Structure formats: C-alpha cells, structure tokens
Amino acid sequence: MSAKKTQKAKESKKAKKEKDDGLIRFKINGQAVEARAGWTILETARQNGINIPTLCFHPAVEPIGSCRLCVVEVRQNGYSRVAASCITPVQGGVEVLTDTEEVLNVRRWVLEMLLANCPASHQIRELAKEHGVTSTRFKVEHPEDACPRCGLCVRACDEVVGVRAISLGNRGVFKEVTAPYNQRSMECIRCGTCLYVCPAGAMEQLFPLVSAP
Amino acid sequence: MERISNVAKLEALRESLHAAHDPERPVVRVCLGPGCLALGANKVSRAFQAAIKAKGMGASVQPLIKETGCHGFCSQGTLVNVDPFNLFYVKVKPDDVEEIVETTLANGQAVERLLYSDNGNRYRSASEVPFYKMQQKVVLKNVGVIDPLKIEDALMAGAYRSLAKVLTGMTPDKVIATVEASGLRGRGGGGFPTGRKWRIAAENIRKNPGAVYVVGNGDEGDPGAFMDRTLMEGDPHAVLEGMIIGGYALGAHQGYIYVRMEYPLAIKNLGVAIEQARALGLLGENILGTGFNFDIRINRGAGAFVCGEETALIASLEGQVGEPIPRPPYPAEKGLWDRPTIINNVETWANVPLIMEKGADWYAGLGVPTSTGTKIFSLVGKLKNTGMIEVPMGISLGRIVEEIGGGVPGQDWFKAVQTGGPSGGCVPYELKDTPVDYDSLSQVGSIMGSGGMIVMDKRDCVVDVARYFLHFLEEESCGKCLPCRLGLKSMQEYLDKFAKGQGSPQDIDDLHSLARAIMKGSLCALGGTAPNPILTTVKYFKDEYLAHVVEKKCPAGVCRDLITYSIDPEACNGCGLCVRNCPQDCISGEKKKAHSIDVSACIRCGQCMDVCPVDAVLVA
C-alpha cells in the first residue's frame, strides 16, 4: 500500500514539476522532447537533433510554410493530420512522426515537381537525391529556371534588411521573384542577403534582373 | 422615413405599412435574378409599367409591379408571379405582357399558354409545380417575394423583428447559446459549428479585450454556383440583420461584407439596403435606441477565388495580397488586424435571424441531427429543371436530382453529381441515396461546399470534367505553397495525357498518389480539396480512366483525340443540315440520301450531332 502511495506521490510531484517549468512535452518519432510555449515542431526537432528537411525555412525570418518539405504527421486522440512543421506550434501530448508513408509521399512528389520546375538548381537536385528522387515525370518547360518561388529572398529583404527592394509578382504558376512595377529596383542596396539566403542558388541569375546597378 | 428610436416604433411602422397595403391590389412580381435578367427580365418589367399606363388602370386598383430577386426556376425564365390570383407564368417575353395585363390584371383570368406545363399537366400556381413543391423555403422565403430595394417591403415581411427581440430581450451570451443549440453549421463549405466559433471568439475577447470584427463572406467563386449571389441580391436585409445580431453577440461595432466585384447587382442591393437601414436607425449609432452601435461596410473583392478562404479574405480586407496564412491561429483568435474576428458565409448569417425569431429547437428540428436547417443549392447541369433550390438537410441526392430537377431529359438515370463546386467530388448514380448533409457527403469523398450541384449524364466524360475543374483551380491558385502551385499543374499534365489516350494504368495510380500528396500537403483548403474531383472520379469511374489509357477510347464521346464521328446511313434522311453547319465543310452527300463525314478533315466539334434532327450522327 505504501509503495502505491509513494508511486502516486512521485507521480503527482512529477506532474507538479512539469506544470511549473512551463515546458511543453510531446514525442517526436517516439523520442520524448520538451519545448517552450510558442516554439514550432521544427524548432523543437532541430533542438533535439532530429532532421526534418526544409527549403523555404531560415531561422532569421518568419516561416510561411511554402515549400511543404518539412511536413510531419501529428497524431492526437486517434486523429492524424499532416502539417508543415515550420509553422505548426508545439502542443503537449501529441505524437509527431517525421517519416510516415503519407509524409514521404508529400515530400517525394514535391521534390519531383521541383526537379521539373527549377531544373537548373544544383542544390535542389542534391536535396532530391538525398530523398531518392533522381528524375521527374513532369514536363520541363524552362530548363534554365532555378527558382522555387519560396519567397525567402523577399522575406529576408523585408524582415532582415528592411529594404523591401524585391517582391513576389503574379500568382499561381506564373509567380515570380521581381521588383515593384517589374522595374529593376533602385531601392536595392546590393547587400547580397538574398543571394545568401536563396536555398536554390537562383538569386545569382535573378539578382541582375531585379536590382538596378 | 424617420429614424426609429425604439422597438415599439418599429412595430408601429410595420403595422402602418400593413394597414396601408390593400390585399386586393394586384401585385406582379417579375424575377430579376441573374438568369432572368440575362433573358431580358428588365424589358418585361418595363413592358408591364408601359402596358398598365397605356391601359389607364388608375380607375380600378393600380397594379403594383415588383422587381424581385430570383424566383429559383431559372430554366423557365423570365418568371412572373401575379397575386392575388396566385398565377405563375413562365418564359414570359415582353410581347406577352399586354396579354397578361388584359386577361389577368383586367379580367382576372389566366393566360393558359404561359402557365408551366409538364407531362401534360398544367400548373396554375408556383406552389403546385413539382420543382417548388419538394422544396422548403426558409432562408429564401423572402427572395423573389420582396423588392430588395425597398426596406418597407422587407419590414412587412418581418425583417428586423429578430434584431429587436435580441437587442431588448437577450443577453449576448444567450444569443451565442441559442446559435449553439440550433446546431447551425457554416454554410460556406467547411461546416464548422457556428455557435462554437462564436463561443471561441467570445472567450478570446474576454481574455484579450478590445476591438472585434464581424465579416460576411460573399466571395462566391465556384463555377455554376449562385446561392450567395441570389441571397444578397434578393434579400440583403436578412444578411445585414444576421450580422448585426452577430455583432451584438460578440460586442463588435464594425462589420464587413466581402462581395466579389463580379456581382454588381449584389453590391448595389446590399449598398441600398445598408443606406436604408442606416436611415431608419437599424444600423449605425444607437440602433433602435438601445445604445448599441454597429455599422457595416461593403468590400469589393477583385475576383480571386482564393479570397473566399477566410484568412486570404482577411488579408485582402487589410489591403494585403489575398493569400491564405496557416491556421491556427484561427480568425476567432487572431483575425482582421490581429483581433478576434467572426467570419461566416452570408448564407450562414441569413440563418441567424430565423433562429432568433423561431428558436433553436425549431431550427434543430429542421434537417437531420448532425446537419440542422435547410441548405440552398444551385442545381445545374444536364437536368430538365435547373435553378436555385432550398431543401432540408438530409434529403437524398437522388430526390433532388430526380424529383426537383426532373431528372436528365430522355434518360432514366444520371451519371454523377458534382457537389461542392470545383473542389468537391463526383458522386455517382449508385450512391444516389446518399443523404445531403455534411458528414454523409464527406464520407463518399465529396464536400457540401457552398452548395453547387452539377449533374452529369452519359455524355459527360469524367476525365474531361476533372480536367475542367482542375484547370479552373490551377488558374485560381495563389501560388504560395508548392503542392498547390505545381501540383495542380502536374495533375493536369496527367489528365491531358489521358485525354489524348496516352499513359498507362500505372499513371492512374501515380495520379492518385500525387492527388493524395496535394490533399495532405497543401497550405489551405483550396489545395487541400482541389484533388477531390480526381480522387472521387478515379475511385468511382476507374473503368473510364482505363478505357482512355488502355483501349484509347472515350466512352462518353468527349475527348477529341479519342473519338470519331460518323453518320448512320440507315437513320440519315439527307436533310443537309449538318453540311450547312460543318465548319470544316467535310460532310458530303446528295440531297435526301445518306451523308458521310470525311474523318481526315473532321475537327470533332460535334456541331453536326447537335443539329441533326434524326439523331443519325454517331460518336465512338
């Protein structure tokens, strides 16, 4: 009886401690992890050395969940959903799985489509290869294109540099990195941040088109 | 009219309006809904004015011509209802007006030839017509009855009675509890319980006091859908009243209605309704003298389909690019200008006054337990009767198509029904007993959506249909997330291949896998539901996909690369109509003898088939 009591006391003590430290506890791939409120699943995973691939994510700018390579499966109360880990806040008690069939299916298709749409990007080819995607079944319309339209350059120019020299123009399949009014931007201070953050090496081609010399 | 300073005066005004109305006075209601307008309904209305003037009917009681919203039975437009004779005229042309004035208005007789007839039966009044008989008009009860540009008309029909009741006798909490108890679910497509949404917002406001906003979503962009449009055009006060009640429940002082620019009449009618409600003190400062302030502004959408998605709509309202942002946080927590915001479809808002007036129990008694109330659908496609309908939730799909829609002309079955617009699914004939409610539709892989219903027959090819919807969504994708921006285009590549008879059965499975990836991986509901037409058609019509890629045939005779036209020499009577209509001049034959088509020059446009009076043109 006393053993039971101590067990219970221990548990309640543990629960109290958990409540007090304000940490959120859940599992990633079966591994127990802790996170602070407001963290995303991706941040927590990286903190714990769990790899989730990303393309449009950069720690210096706000994530927008564009590329969807970072999708994970979140299971809770018997329900499961696929969510982009870079924008999904942590939640206590959930089970996150980073490599389920559903997740890999999204990732592989995204990479295969990227191979057709930004075939000139060496970085994307490498990333795809890491995930076993080496060829694409889709039409390559612009062999010289390297830009995945993730908007990381635009966000960095806005949030980090504070200049807003470039923007995303058009929409849907016609989306492109451009400068306001499709003119080469006079606002650009040629700091090179966009060149640095671009995950696909596309800015090298695009920079002369959007920045006034 | 004077500003109304308290509830008693509102009722007094209503009574004086009723007292001034002579029930014997003839009323001609001309449908000015979008369908009838396109057929020249305003000419009919003007003809009535002129004919009555010419007849000099001032001596007897002058008939009243009302230009109303949509009557619903669009395939029979222009529609005219004449009271108190309770006569329902269909396909009225300006030339028919004089006869109606002479026979009906002057002598009280029916113009037999303009009455609706079907299967040898002639129907005098609308309520007898099968198309209307099966319906249950609750939300639409005033649409087609009142003149939307006259608030007096709406007041006589009971508008703002619920508002008065709420403002004087119900606490905000009671309003939310009533909506919760009614079981009302969002009519924009998601089907989220409206009361719960309000409750969440109310709690967020308590935690984080400050401004709150109320938004009406009238950005209806689905091809073949016109429910919200009809409602905003035909009974704008119902939408306004619902929003004011919502504003009261949440302590909001500002509301916005987001209407797409392509609905100029809806914008005009809503604008007039807002002006008139403001003038009467039903909107604006100190509503009905209760001290409650609430105003509504109209925001015109620039035509992007994705702005119907709530977070994209809010971005657009703020003046930003109309792109969705990830949820959570939901707008009920952080919406317009980062403040708690309640955003509901305009049809949802129009349900609110009814719930307040008749009570949650009455509302919950309509429809089925998990999907209460009624739902408006636009019933279009290969049907005898097309138009806008309102039915209780839970009615079977087959009954809607066969009993209200009158079935497919000349065929005793339909192939499938696309519910929920371009991002809905194709429900095949075998599942015609599926009840139309949120959960049953999602079980068969489709969605309720905002209420579009497109009926297909054996001449519709599922590959072609899926291609059509996908093409629409591809053009409307905002391009923010990759699965949607590239995925819709990539799925289209597969379908284009199938339509040309290329590809293999493996490609069909690959397409299915890609569709699932897009469904799971997309940022917002546009991408998340875009694969529905493909997932459902592959599920229910896999044979037809296989026919395209294996046999290189399009069983429905639609995909141009897979079909050939020919003329049945037995059936052809040699009339030459096809010869005259062929744009390629590739049909030849002597008069009164069987014709033939030169297949090498034929572009498979199908015009010969459409014009042939004896159905001698075959497609295979």
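Heads up: the structure comes first, above all this text.
### Structural notes on the sheet that holds strand β10 (residues 292–301) of chain B
Residues and elements named next belong to chain B. The strand order across the open sheet formed by five strands is β9-β10-β8-β7-β11, and the pairing between neighbours is mixed. Only two strands of the sheet have a single neighbouring strand rather than two, namely β9 (284–287) and β11 (341–345). Strand-to-strand, the axes of this sheet are offset by a mean angle of 25 degrees, without reference to chain direction. Packed onto the sheet, helix α12 (residues 264–279) meets β7 (213–218), β8 (254–260), β9 and β10 and runs at close to 165 degrees relative to β10.

### Some remarks on the sheet that holds strand β1 (residues 27–31) of chain B
All names here are of chain B. The mixed open sheet is built from four strands, whose spatial order is β2-β1-β3-β4. Edge positions in the sheet fall to β2 (64–68) and β4 (87–89), since each of these pairs with one other strand and no more. Between one strand and the next, the sheet's axes are offset by a mean angle of 20 degrees, whatever the strand orientation. Two strands pair when backbone bridges link them, and β1 and strand β3 (residues 80–83) are joined in this way by four bridges, in the antiparallel orientation. Bridge pairing links valine 27 to aspartate 83 in β3. Where helix α3 (residues 41–55) meets the sheet, it contacts β1, β2 and β3, and its direction lies at approximately 160 degrees from that of β1.

### A short note on the interface of chain A and chain B
Of the residues lining the interface, 22 residues belong to chain A; the matching set on chain B comes to 23 residues. When residues of the side of chain A that touches chain B are traced back to their parent elements, those giving at least two are β4 (79–84) and α3 (101–117) of chain A. With seven residues, the top contributor of residues to the side of chain A that touches chain B is α3(A). In terms of residue class, the side of chain A that touches chain B is made up of eleven nonpolar, five polar and six charged.

### Quick look at the environment of Leu111(A)
All names here are of chain A. Residue placement: leucine 111 occurs in helix α3. Leucine 111 sits in the buried class, given 25 other C-beta atoms within 10 Å. Expressed as a C-alpha distance, the spacing of leucine 111 and histidine 142, which sit 31 residues apart in the sequence, is 16 Å. Every residue in contact with leucine 111, bar those within four places of it in the chain, is listed here: Leu127, Ala128, His131 and Val133.

### Section: the nonpolar core
Judged by nonpolar contacts, the single largest core of 245 residues is most densely connected at Cys153(A) and Val239(B). When residues no more than four places from it in sequence are discounted, the contact partners of Cys153(A) are Ile166(A), Val177(A), Cys194(A), Val197(A), Cys198(A) and Met203(A). Listed in part, the eleven residues of the second largest apolar core include Ile587(B), Cys608(B), Cys612(B) and Ala616(B).

### Structural notes on helix α13 (residues 310–317) of chain B
All names here are of chain B. Across the eight residues of α13, eight count as buried, placing the element largely inside the fold. By the burial criterion, the buried members of α13 are Glu310, Thr311, Ala312, Leu313, Ile314, Ala315, Ser316 and Leu317. Where α13 is buried, its residues meet β7, β8, β10 and β11.

### A short note on the pairing of strand β1 (residues 23–28) of chain A
Residues and elements named next belong to chain A. Where β1 meets strand β2 (residues 31–36), six bridges bridge the pair, whose relative direction is antiparallel. Of the residues in β2, the one forming a bridge with isoleucine 24 is alanine 35. Between β1 and β2, which pair antiparallel in sequence order, lie two residues; one of them, asparagine 29, sits at a positive phi of approximately 50 degrees.

### What to know about the pairing of strand β17 (residues 425–428) of chain B
Residue and element names in this part refer to chain B. Both faces of β17 are covered, namely the face carrying Gly425 and Val427 and the face carrying Cys426 and Pro428. Pairing of strand β16 (residues 416–419) with β17 involves four bridges; the strand directions are antiparallel. Across the sheet, the residue bridging to threonine 419 is glycine 425, located in β17. Linkage of β16 to β17, two consecutive antiparallel strands, is achieved through a turn of five residues, within which glycine 420 is found at a positive phi near 80 degrees.

Conventions adopted
- Residues numbered from 1 in each chain as written.
- Chains lettered and ligands numbered in written order.
- Predicted model: local features only at pLDDT ≥ 70, side-chain atom pairs only at ≥ 80, totals over all residues.
- Pairing = 2+ DSSP bridges.
- Helix = DSSP H or I, 4+ residues; strand = E, 2+ residues; numbered from the N terminus.
- Axes fitted to C-alpha atoms, helices over the stretch in contact; angles between N-to-C directions.
- Contact = placed C-beta atoms within 7 Å.
- Nonpolar A, V, L, I, M, F, W, Y, C, P; charged D, E, K, R; others polar.
- Buried ≥ 20, exposed ≤ 12 C-beta atoms within 10 Å, placed from the backbone.
- Core = buried A, V, L, I, M, F, W, Y, C linked by C-beta atoms within 7 Å.

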